[in-house]
Protein chains: 2
Amino acid sequence: MINYPTKKRIKPIINKTKNSVKNRGMRFEKLIDEANRFYLDRDIAVIHKKPVPIQIVKVHYPKRALARIDEAYYKTPSTTDYNGIYQQHYIDFDVKETSAKTSFPLKNIHTHQIAHLKRVHRHGGVAFLLIHLKHPDETYLLGFEALQNFLKRAEKGRKSIRFLELRKVGYSIKEGFQPRIDYLKAVSAYIKDKTT
Amino acid sequence: MINYPTKKRIKPIINKTKNSVKNRGMRFEKLIDEANRFYLDRDIAVIHKKPVPIQIVKVHYPKRALARIDEAYYKTPSTTDYNGIYQQHYIDFDVKETSAKTSFPLKNIHTHQIAHLKRVHRHGGVAFLLIHLKHPDETYLLGFEALQNFLKRAEKGRKSIRFLELRKVGYSIKEGFQPRIDYLKAVSAYIKDKTT
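Calculation notes
- Residues numbered from 1 in each chain as written.
- Chains lettered and ligands numbered in written order.
- Predicted model: local features only at pLDDT ≥ 70, side-chain atom pairs only at ≥ 80, totals over all residues.
- Heavy atoms only, no water.
- Helix = DSSP H or I, 4+ residues; strand = E, 2+ residues; numbered from the N terminus.
- Buried < 20%, exposed > 50% of the residue type's maximum accessible area, 1.4 Å probe, protein only.
- Contact = heavy atoms within 4.5 Å.
- Areas by Shrake-Rupley, 256 points an atom, 1.4 Å probe, with all protein chains shown as cover.
- Polar contact = N/O pair within 3.5 Å; in protein donor to acceptor, adjacent residues only side chain to side chain.
- pLDDT = per-residue confidence, 0-100.
- Arc of directions from axis to C-beta.

Visitor: Quick one: what's the story with the overall build of chain A, residue by residue and with numbers?
Guide: Helix and strand content of chain A: five helices and 11 strands. Out of the 196 residues belonging to chain A, those deemed buried represent 50%. Counted over contacts in chain A with a minimum sequence separation of 6, partners at least 24 positions apart contribute 63%. Roughly 10,100 Å² of accessible area belongs to chain A as shown, and the carbon and sulfur atoms make up 52% of that amount.

Encoded structure:
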């Protein structure tokens, strides 16, 4: 077995009074990590979450293999969080969660994420978002083409995607048993629609 | 322009007396990062280096966007360092450098890297190593199939790849002007050989 980074994660001690933006959507991300581990173990796909980019400033290095980082900062990522290979396709996506009640705000998607997904799409990769709506408790895959249409509309009009719209153009992902969020089914359907 | 992580890297302060394993091969890696930036800017490919996985233990969080990591450790990666998309292909590789004089020691390739490249290859991705030989100052792309043959031989015999062998089965990458290590030429040749 390889050393899978998410398995032995020690919970960081964070001094703060309210929930940080970083922690929103963590539960849903965990389900995606769980699915990826399942896909890897069953040899269905090779999809990993990228490590968070860290700017290391100071390292204490008493001897080899004992390095302790004493000062570091979070950096802005330049890509999405997940990528890999499935059925010979390059897969690239980000995971979003909203507690909004009727529409998904487009401001949840960062500029660098859009730019990256656009590039991937242009080079023939499979680019999408996995969106979890907390309140109706529904999950959708939103393909890049559909996302782009909503972004175009947002230039002059509505800056969000209505749940009703998401249900129409997204691929629904039902919660199951193992893995709980078996999102590759939706990816297969999306690839099929793209290529036929 | 997106925020490309390697651009504004502050050099970490490391207290140590001798060169760490981590820093060996840094110069060659920088040339690969430079090539990736070039490919990204010219829209030739979307290939990124993954951030180093860090185990964060303690974060000082006075207010949002001011988080300072006070204690963290390096983790063992579970994949290779580079992946992305080129000509619709999923690309996955690691970068190696040796100052040995006649052969490349296979112990330079870690078990998790071999396992990962093998998976990628099985799923139809383009998996390889970029090997820089410091002393003759030559660079080669070694495709996964050829690497696997050397690994098989190593089970009973020689645990290294002779430079003479590498010159025969590898794809030579000559140092040029912009980018200095234009490795995608070798990737194209490798893909062509795989698919014809």
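Visitor: Pulling in residues and values, what's your account of the environment of B:Lys174?
Guide: Relative to the elements of secondary structure, B:Lys174 occurs in the loop between β11 (171-173) and α5 (184-195). A polar contact of 3.2 Å, which involves the side chain of B:Lys174, links it to the side chain of B:Ser172.

Visitor: Tell me about the confidence of the model for chain A, residues and numbers included.
Guide: Residues and elements named next belong to chain A. Mean pLDDT over chain A works out to 88, with 86% of the residues at or above the 70 mark. Long-range and interchain partners of residues 1-9, a stretch whose pLDDT sits below 50, account for 24 contacts in this model, where long-range means more than four residues apart. A low-confidence stretch, residues 15-24 stays under pLDDT 50, and its non-local contacts, those more than four residues away or across chains, total 10 contacts. What the predictor reports for the complex is a pTM of 0.85 with an ipTM of 0.85.

Visitor: Report on helix α3 (residues 144-156) of chain A, specifying residues and quantitative values.
Guide: Side chains of residues three or four places apart in an α-helix project in the same direction, reflecting 3.6 residues per turn. Residue and element names in this part refer to chain A. Along α3, the residues that are buried comprise Phe 144, Ala 146, Leu 147, Phe 150, Leu 151 and Ala 154. Projected down its long axis, α3 carries its buried residues within an arc of 160°, all on one side. Along α3, the residues that are exposed and aim more than 90 degrees away from the buried face are Lys 152, Glu 155 and Lys 156. Turning to α3, the residues buried within the fold contact α2 (111-122), β8 (126-133), β9 (138-143), β10 (160-162), α4 (163-169) and α5 (184-195).

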